[in-house]
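Listed here are the chains, written in short residue letters.
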Amino acid sequence: MLSHSRCLCRTLGRSLSALSQGNNVLAGRTASGLSAGNRIVYRNSQLCEFPSSIVVFHVRYFKTSAARRDDVVTVNTPPFSESITEGDVRWEKAVGDSVKEDEVVCEIETDKTSLQVPSPAAGVITELLVPDGGRVEAGNPLFKLKKGAATAAAASAPTPTPTPASIPVAMPPVPTMPAQAAQAKPVSAVKPTAAAPAAAPAAHGTRKESRVKMNRMRLRIAQRLKEAQETCAMLTTFNEIDMSNIQEMRTLHKDAFLKRHNIKLGFMSAFVKASAHALMDQPSVNGVIDDTTKEIVYRDYVDISVAVATPKGLVVPVIRNVETMNFADIEKTINGLGEKARNNTLAVEDMDGGTFTISNGGVFGSMFGTPIINPPQSAILGMHGIFDRPVAIGGKVEIRPMMYVALTYDHRLIDGREAVTFLRRIKSVVEDPRVLLLDM
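Below, the structure is looked at part by part. In this convention, every chain numbers its residues from 1, walking through the sequence in written order. Owing to the predicted nature of the model, reporting of local features is limited to residues with pLDDT of at least 70; listing and counting of side-chain atom pairs is limited to 80 or more, with chain, interface and lining totals taken over all residues. No hydrogens and no water enter the side-chain calculation; it runs on all heavy atoms of the structure.

A few words now on the overall build of the protein chain. Per the convention used, a helix needs a DSSP run of H or I reaching at least four residues, while a strand needs a run of E reaching at least two, with both numbered from the N terminus. Counting its secondary structure elements, the protein chain contains 9 helices and 22 strands. When accessible area is computed with a 1.4 Å probe and restricted to protein chains, residues below 20% of their type maximum are described as buried, those above 50% as exposed, and intermediate ones as partly exposed. Per-residue burial over the protein chain gives 35% buried out of 440 residues. Contacts between residues were defined by any pair of non-hydrogen atoms, one from each residue, lying within 4.5 Å. The contacts in the protein chain between residues at least 6 apart in sequence include a share of 64% that link residues at least 24 apart.

Pasting the structure below:
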């Protein structure tokens with residue numbers, strides 16, 4: 001037992017010495033991992049065995065390389081939708097800025113939407129390959145990023161140690177006053193000093209002008225609206241809707257609707273569902289003229305575009321297969337598309353298609369207006385504000401919440417009878433939603 005203890009002490013001492021001098025043949029620099037054994041062999045030494053219960057760990061060292069961490073990568077323009085070939089770059093970051101992974105570096109404005117380009121990794125932007133406002137296509141190089149540089153710079157930056165403020169130990173000397181200042185003067189001898197002349201007032205009526213380049217979305221909107229005026233034979237018909245019943249229904253069921261579907265009940269779902277009901281009743285309003293083949297295309301489905309105002313322009317996300325939806329489905333879809341529009345995350349697929357458009361100017365207080373058709377569609381419904389007005393009800397004058405509605409349609413395809421019938425169908429459904437239950 002004593003010989004084993006002496007051998008153990010001698011072996012442990014030699015192990016420590018060998019690790020420090022690099023003579024341990026089993027702890028080589030080229031090995032990796034951990035292993036265990038019951039004996040250790042040294043150069044010029046005899047074999048010394050341990051008892052089986054003793055475990056000796058062989059320590060091996062790892063070394064990482066910073067070559068891969070500080071790679072400079074080139075970020076290219078992501079692919080566009082099939083209907084989009086190019087866009088304009090608007091930079092959010094500059095050369096030398098540090099970015100995190102998935103942080104937006106720039107936006108690419110296209111004819112229909114804006115595409116955000118995030119950083120693939122954390123690092124520092126070393127070069128911008130496209131000027132601000134420059135035009136790019138899918139696959140073009142955008143910028144160069146040095147990966148990991150931001151993290152390394154932040155780690156190497158020394159933390160400044162605050163120095164304690166010096167505490168004065170003596171009072172500052174009191175300045176001596178001149179003899180002339182010490183002599184008091186009577187008040188009558190003090191002469192008032194002349195006031196400084198007032199600054200000349202700014203000239204009134206100054207007018208300035210500023211010029212801002214139109215973005216691609218605004219240019220495309222202007223082009224499409226002008227094309228609609230030149231192509232379609234637009235005509236507008238009007239009607240008014242008594243909103244008393246729909247307001248009463250909303251007031252009565254809004255709390256239960258919110259509790260059941262976790263979304264508020266608005267007026268938009270009633271008009272969208274009424275429009276789908278009227279479009280199925282009047283298929284010509286849901287159709288379109290194919291000017292290339294000189295054919296009329298009729299659809300047995302209803303995809304309604306809802307106009308949404310954004311800071312960059314008007315967008316029209318599409319609610320698809322509205323004829324199969326109920327009020328809750330419509331409200332959820334509108335809320336989701338509106339959230340995307342506000343966050344500027346609408347995809348091109350969200351706005352493609354559409355057989356009919358609804359524009360709600362009432363949210364801005366509009367009382368009356370004539371909307372413009374959204375090509376290649378054939379009609380658009382304009383909603384307006386709800387205002388109390390005197391109306392004749394049963395031979396008596398009553399104050400009711402009323403809304404003017406307008407239908408602009410392409411007279412090449414839709415006749416006045418179909419347009420007026422369509423608008424009256426919407427009026428009957430909104431004024432009495434029970435018409436939907438009775439399929440009338």
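Looking now at helix 6 (residues 268–281). Count 3.6 residues to each turn of an α-helix, and residues three or four apart come out pointing the same way. Helices are assigned an expected span. That span is 1.5 Å times one less than the residue count. An ideal rise of 1.5 Å per residue puts 20 Å on 14 residues; helix 6 measures up with 20 Å between its terminal C-alpha atoms. Along helix 6, 12 of the 14 residues are buried, which leaves the element largely enclosed by surrounding structure. Within the span of helix 6, buried status applies to Met268, Ser269, Ala270, Phe271, Val272, Lys273, Ala274, Ser275, Ala276, His277, Ala278 and Leu279.

What follows deals with the sheet that holds strand 21 (residues 379–393). Spatially, the 6 strands line up as an open sheet ordered 13-22-21-20-16-19, and their pairing is mixed. A strand with exactly one partner marks an edge of an open sheet, and here the two such strands are strand 13 (234–242) and strand 19 (318–319). Note that strand 16 (residues 304–306) and strand 20 (residues 356–360) share 3 bridges and pair parallel. Note that in strand 20 the partner of Val306 across the bridge is Ile358. Set on the sheet, helix 8 (residues 416–431) makes contact with strand 13, strand 20, strand 21 and strand 22 (396–410); between it and strand 13 the angle comes to about 25°. Two strands qualify as a pair provided DSSP detects at least 2 bridges between them. The axes used here are C-alpha line fits, helices contributing only the stretch in contact, and every angle between their N-to-C directions lies in the interval 0 to 180 degrees.

Moving on to the environment of Phe327. Structurally, Phe327 is set in helix 7 (residues 327–342). Taking the C-alpha atoms as reference points, Phe327 and Val272, 55 residues apart in sequence, are found 8.8 Å from one another. In this view, Phe327 contacts Met249, Phe257, Leu265, Ser269, Ala270, Lys273 and Leu436; residues no more than four positions away in its chain are not counted.

The salt bridge criterion pairs a side-chain nitrogen of Lys or Arg with a carboxyl oxygen of Asp or Glu, the two atoms within 4 Å. For the coordinates displayed, the defined rule picks out 16 salt bridges. With a shortest N-O distance of 3.9 Å, Arg320 and Asp303 are connected by a salt bridge. Remark: Asp303 occurs in the loop between strand 15 (295–297) and strand 16 and Arg320 occurs in the loop between strand 19 and helix 7; sequence separation between them is 17 residues. With its nearest N and O atoms 2.9 Å apart, the salt bridge here joins Arg412 to Asp410. On the accessibility criterion, Arg412 (39% relative accessible area) is partly exposed. The buried category is assigned to Asp410, whose relative accessible area is 2%. Ionic contacts of the salt-bridge type, sharing partners, join the residues Glu86, Asp88 and Arg135 into one network.

With that settled, consider the packing of aromatic side chains. The relative placement of two aromatic rings is captured by the distance of their centres and the angle of their planes. Two aromatic rings from Phe, Tyr or Trp, using only the six-membered ring of Trp, form a pair when their centres are within 6.5 Å; if the ring planes differ by under 30 degrees the pair is stacked, by over 60 it is edge-to-face, and anything between is tilted. Tallying each qualifying case throughout the model produces 4 aromatic pairs. Centroid distance Phe356 to Phe422: 5.4 Å. Interplanar angle 65°. Geometry classified as edge-to-face. Within this pair, whereas Phe356 is found in strand 20, its partner Phe422 is found in helix 8, the two being separated by 66 residues in sequence. Of the two residues examined, Phe356 and Phe422, each falls in the buried class. An aromatic cluster is present here, built from Phe238, Phe368 and Tyr404 joined pairwise through their rings. Over a ring means this: the NZ of a Lys or the CZ of an Arg is within 6 Å of the ring centre and within 35 degrees of the ring normal. The positively charged end of Arg250 is found above the aromatic ring belonging to Phe267, 5.3 Å away from the centroid. Over the ring of Tyr404 we find Arg389; its NZ or CZ atom is 4.0 Å from the centre of that ring.

So, on to the packing of helix 5 (residues 244–261) against helix 7. Running from N to C, helix 5 and helix 7 point in directions that differ by 70°, and their axes come no closer than 12 Å. The pairing of helix 5 with helix 7 is recorded here as roughly perpendicular in orientation. Along the contact surface, helix 5 presents Met249, Phe257 and His261, while helix 7 presents Phe327, Ala328 and Lys332. Residue composition of the contact of helix 5 with helix 7, grouped by class: 4 nonpolar, 1 polar and 1 charged. An angle counts as roughly parallel when it lies under 35 degrees, as roughly antiparallel when it exceeds 145, as roughly perpendicular when it falls between 65 and 115, and as oblique in every other case. Under the convention adopted here, Pro, Cys and the residues Ala, Val, Leu, Ile, Met, Phe, Trp and Tyr are nonpolar, Asp, Glu, Lys and Arg are charged, and Gly plus all remaining residues are polar.

A few words now on the sheet that holds strand 6 (residues 86–91). The strands making up a sheet associate through backbone hydrogen bonding, with each pair oriented either parallel or antiparallel. The strand order across the open sheet built from 4 strands is 9-8-6-11, with neighbouring strands paired in antiparallel fashion. For this open sheet the edge positions go to strand 9 (114–118) and strand 11 (135–137), each flanked by a neighbour on one side alone. Adjacent strand axes in the sheet meet at a mean angle of 40° when their direction is disregarded. Bridge count for strand 8 (residues 104–109) against strand 9 is 5 bridges, and the pairing is antiparallel. By the bridge assignment, Ile108 is partnered in strand 9 with Leu115. Across the sheet, helix 4 (residues 216–231) is in contact with strand 6, strand 8, strand 9 and strand 11; its angle to strand 6 comes to roughly 140°.

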